[in-house]
Number of protein chains: 2
Amino acid sequence: MSQIDIIQHLRHQPLFQRLSDPQLAALEPHVRPQRGDKGQLLFQRGDDCDGMYVVVYGKVKLAIPSPQGVEKVVEIIHPGQSFAEAVMFLGKPYPVLAQLLEDSLLLHIGAAGVFQALGEDPGFARNMLAGMSLRLHGMVRDVERYSVETALQRVIGYLLQQMDGAPTGGKAVLTLEANKNLIASRLNLTPETFSRVLQQLSKAGLVEVDGRDIALLDPAALADYGMTPPA
Amino acid sequence: MSQIDIIQHLRHQPLFQRLSDPQLAALEPHVRPQRGDKGQLLFQRGDDCDGMYVVVYGKVKLAIPSPQGVEKVVEIIHPGQSFAEAVMFLGKPYPVLAQLLEDSLLLHIGAAGVFQALGEDPGFARNMLAGMSLRLHGMVRDVERYSVETALQRVIGYLLQQMDGAPTGGKAVLTLEANKNLIASRLNLTPETFSRVLQQLSKAGLVEVDGRDIALLDPAALADYGMTPPA
DNA sequence: CGAACTTTTGAGCAACATCAAGCTTGGTGG
DNA sequence: CCACCAAGCTTGATGTTGCTCAAAAGTTCG
């Protein structure tokens, strides 16, 4: 793995796009590529943290281990996204665990490198702030979901959200980003409840479920459903 | 309200402490002081956003209005803290509403001013990143609370957290930052449940409740309690 | 083909919410 | 100084959502 590779990868990450060539070169010594297989634990809750990660390819799960062994999925990180920035800034131990959902390639960027880049390029700071803002908003929505929405509403909200980006006028098809157990956890549901809700939507003629593929037959009606107690 | 006042206030906010005098002067035209009375709505969910706020004195509640009129308190902002930075960065409408819990003085900083300061001072960027990191961590903990902890554990966790900063070896006394209805909402509980849990802790001899003042008689034992189903 | 995992289905239950009164508390005015 | 009112808080009785436990039916993959 030569230096060229790292810089090439960095250049293609949204976070680093605006850095100049010299700035990238200066960052490079702080970057460590890290390949891993599906299932590998990147870090545990409580581990110390000395940098942040960017996903080049693959998927990473961030989750909170619960005392009873069951864990709660907080977020699923996709390629181009980063994580652990906040922990790095605070110098606290990780509040979550990170595990690879697929064989993946990550870049680990040491804290020193990040601070250096921040000092050199205001655009980088803005990118990081934008990224954290996005994540913060996601968390606010999660909190909202968990606290004011019912199971039915959470599932509907998730489906509609996943559909975004494919504005097929009438119907839309999507594929779950992970297995149903994980999605259920993400929505703070048991797999049993998730299954039942999907079936309910299916019987109502709003969706068609085929394994991980889900067709939303009428997004508008779907959005309504669940808002109105049977009336 | 003269220019001097604004700059003096800014200088005392953690977020702006590191800005130089000329930088503060440059920021000043983008800053608008805003005084308001208890109960005043600063903005509603869905309003457009063109800057961030800093609390000089008073308290602000951020909450999600629920369809049925009940609202869910997301956060309570204290003096020295800021809010709406993330929304400003994303240029989205507010996902929450903001209401003054007391007569307050706020500073509203226009987006242009913030971006300017970011470009001029890396320290400012770092301060903002640190602030957002902190908020993000708070949200992660909230998500954790709502999803894996029981009502009892949430209350205990809240009490212990509020106690931080007063490391009185054995016991500690704290005053709730708002009325019990608000705290209950913050913990995603009904006021009834909150009341019952406090009473349970009281009967167990772990706390003493006197209106908004709560004495933690044995923080260590309190932390244990609720971890272990009666056994 | 069989082992391991994932998903579905069913029955019972627990935690917490809801609904409905009482009971304090604090501020206001007679 | 006390009566009064409204808001905040507590208490009890009842209800419902989604979880737990158990097991069967699909899937995946070597």
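Residues numbered from 1 in each chain as written. Chains lettered and ligands numbered in written order. Predicted model: local features only at pLDDT ≥ 70, side-chain atom pairs only at ≥ 80, totals over all residues. Heavy atoms only, no water.

- An unreviewed UniProt entry lists chain A under the name Probable transcriptional regulator, Crp/Fnr family, from Chromobacterium violaceum.

**Some words on the sheet that holds strand β1 (residues 31-36) of chain A**
Two orientations exist for strands paired in a sheet by backbone hydrogen bonds: parallel and antiparallel.
Residue and element names in this part refer to chain A.
Logical step 1: If you trace the four strands from one edge of the open sheet to the other, you get β1-β8-β3-β6, paired in antiparallel fashion. Whereas interior strands pair on both sides, the edge strands pair on one side only; in this sheet they are β1 and β6 (82-83).
Logical step 2: Across two bridges, strand β3 (residues 51-57) lies against β6 in antiparallel orientation. What sits directly across from valine 54, in β6, is serine 82.
Logical step 3: Contacting β3 and β8 (104-110), helix α4 (residues 111-120) crosses the sheet at an angle of about 70 degrees to β8. (Pairing = 2+ DSSP bridges. Helix = DSSP H or I, 4+ residues; strand = E, 2+ residues; numbered from the N terminus. Contact = heavy atoms within 4.5 Å. Axes fitted to C-alpha atoms, helices over the stretch in contact; angles between N-to-C directions.)

**A short note on the relation of the copies chain A and chain B**
Logical step 1: The operation relating chain A to chain B is a screw motion whose rotation component is 180 degrees, with 0.1 Å of axial translation and a residual RMSD of 0.1 Å. Overall, the copies show the geometry of a two-fold rotation axis.
Logical step 2: Both copies present the same face, since 100% of the interface residues in chain A are matched by interface residues at the equivalent positions in chain B. (Least-squares fit on C-alpha atoms with pLDDT ≥ 70 in both.)

**Quick notes on the protein's contact with DNA strand D**
Logical step 1: Around DNA strand D there are 15 residues in total, and Ala151, Glu192 and Thr193 of chain A together with Arg196 and Gln199 of chain B lie nearest to it.
Logical step 2: In this structure, a phosphate oxygen belonging to DNA strand D sits 2.8 Å away from a main-chain N or O atom of alanine 151 of chain A.
Logical step 3: Asparagine 188 of chain A is positioned such that a nitrogen or oxygen atom in its backbone is 3.5 Å from a phosphate oxygen of DNA strand D.
Logical step 4: Looking at the surface near DNA strand D, the elements that each hand over two or more residues are α8 (191-203) of chain A together with α7 (180-186) and α8 (191-203) of chain B.
Logical step 5: Considering each element in turn, the surface near DNA strand D owes the most residues, four residues, to α8 of chain B.
Logical step 6: Across the surface near DNA strand D, the residue classes break down as two nonpolar, eight polar and five charged. (Near = heavy atom within 4 Å. Polar contact = N/O pair within 3.5 Å; in protein donor to acceptor, adjacent residues only side chain to side chain. Nonpolar A, V, L, I, M, F, W, Y, C, P; charged D, E, K, R; others polar.)

**What about the domain arrangement of chain A?**
All names here are of chain A.
Logical step 1: If you check the domain split of chain A, you get domain 1 (6-146) and domain 2 (149-226).
Logical step 2: Each of domain 1 and domain 2 has a C-alpha centre, and the two are 28 Å apart.
Logical step 3: With 15 residues of domain 1 at the contact, the number on the domain 2 side is twelve residues.
Logical step 4: Taking both partners together, domain 1 and domain 2 bury about 1200 Å²; carbon and sulfur atoms supply 47% of that area.
Logical step 5: Three residues, Ile76, Arg145 and Tyr146, lead the burial of domain 1 against domain 2; their summed loss comes to 50% of the area buried on that side. (Domains from an automatic or database assignment. Buried area = accessible area lost by both parts, 1.4 Å probe.)

**Some words on the side chain of aspartate 142 of chain A**
Logical step 1: Along the chain, aspartate 142 of chain A falls in helix α5 (residues 122-148).
Logical step 2: Take aspartate 142 of chain A: its relative accessible area is 3%, and that puts it in the buried class.
Logical step 3: Beyond its immediate sequence surroundings of up to four residues, aspartate 142 of chain A is in contact with Val74 and Arg186 of chain A together with Val143 of chain B. (Buried < 20%, exposed > 50% of the residue type's maximum accessible area, 1.4 Å probe, protein only.)

**Here we look at the pattern of salt bridges**
Residue and element names in this part refer to chain A.
Logical step 1: Under the criterion given, the structure shown has 14 salt bridges over all chains.
Logical step 2: Residues arginine 11 and aspartate 21 are paired through a salt bridge, measuring 2.8 Å at the closest nitrogen-oxygen approach. Here arginine 11 is found in helix α1 (residues 3-11), whereas its partner aspartate 21 is found in helix α2 (residues 21-27), with ten residues between them in sequence.
Logical step 3: Overall, the relative accessible area of 31% leaves arginine 11 in the partly exposed class.
Logical step 4: Across the pair arginine 186 and aspartate 142 runs a salt bridge, and its minimum N-O distance is 2.6 Å. On the criterion of sequence distance, the pair formed by arginine 186 in helix α7 (residues 180-186) and aspartate 142 in helix α5 is long-range, its members being 44 residues apart.
Logical step 5: Taken together, the shared-partner salt bridges connect Glu75, Glu85 and Arg135 into one network. (Salt bridge = Lys/Arg side-chain N within 4 Å of Asp/Glu carboxyl O.)

**Let's talk about the interface of chain A and chain B**
A common measure of how large an interface is: the accessible area buried when the components associate.
Logical step 1: Each partner contributes to the interface: chain A provides 33 residues, whereas chain B provides 34 residues.
Logical step 2: Taken as a group, Leu129, Leu136 and His137 of chain A account for 19% of the area that chain A buries against chain B, more than any other trio of residues on that side.
Logical step 3: The partner of glutamate 144 of chain A in a salt bridge is arginine 45 of chain B, and the shortest N-O contact between them spans 2.8 Å.
Logical step 4: Taken together, the connections running from chain A to chain B amount to two residue pairs in polar contact (both at pLDDT 80 or more).
Logical step 5: If you list the elements that add at least two residues to the side of chain A that touches chain B, you get α3 (85-90), α4 and α5 of chain A.
Logical step 6: Residue contributions to the side of chain A that touches chain B peak at 20 residues, all from α5 of chain A.
Logical step 7: Looking at the side of chain A that touches chain B residue by residue, the classes come out as 22 nonpolar, five polar and six charged.

**Overview of the packing of α4 of chain A against α5 of chain A**
Each packed pair of helices is defined by two parameters, the angle between the axes and the distance between the axes.
All names here are of chain A.
Logical step 1: Contact geometry of α4 with α5 gives a least axis separation of 5 Å together with a crossing angle of 120 degrees. Taken as axis vectors, α4 and α5 run oblique relative to one another. Note on element contacts: α5 touches α4 through Pro122, Phe124, Ala125 and Met128, opposite Val114, Ala117, Leu118 and Glu120.
Logical step 2: For the contact of α4 with α5, the residue count by class is seven nonpolar, no polar and one charged. (Parallel < 35°, antiparallel > 145°, perpendicular 65-115°, else oblique.)

**Describing the protein's contact with DNA strand C**
Logical step 1: Among the 15 residues in the neighbourhood of DNA strand C, the closest are listed as Ser195, Arg196 and Gln199 of chain A together with Ala151 and Thr193 of chain B.
Logical step 2: Those atoms of DNA strand C that come within 4 Å of the protein belong to sugar or phosphate at a rate of 68%.
Logical step 3: One of the backbone nitrogen or oxygen atoms of asparagine 181 of chain A is found 3.2 Å away from a phosphate oxygen of DNA strand C.
Logical step 4: In this structure, a base nitrogen belonging to DNA strand C sits 2.9 Å away from a side-chain N or O atom of arginine 196 of chain A.
Logical step 5: Of all the secondary structure elements, the ones that give two or more residues to the surface near DNA strand C are α7 and α8 of chain A together with α8 of chain B.
Logical step 6: For the surface near DNA strand C, the leading source of residues is α8 of chain A, giving four residues.
Logical step 7: Here the residues of the surface near DNA strand C are counted per class, giving two nonpolar, eight polar and five charged.

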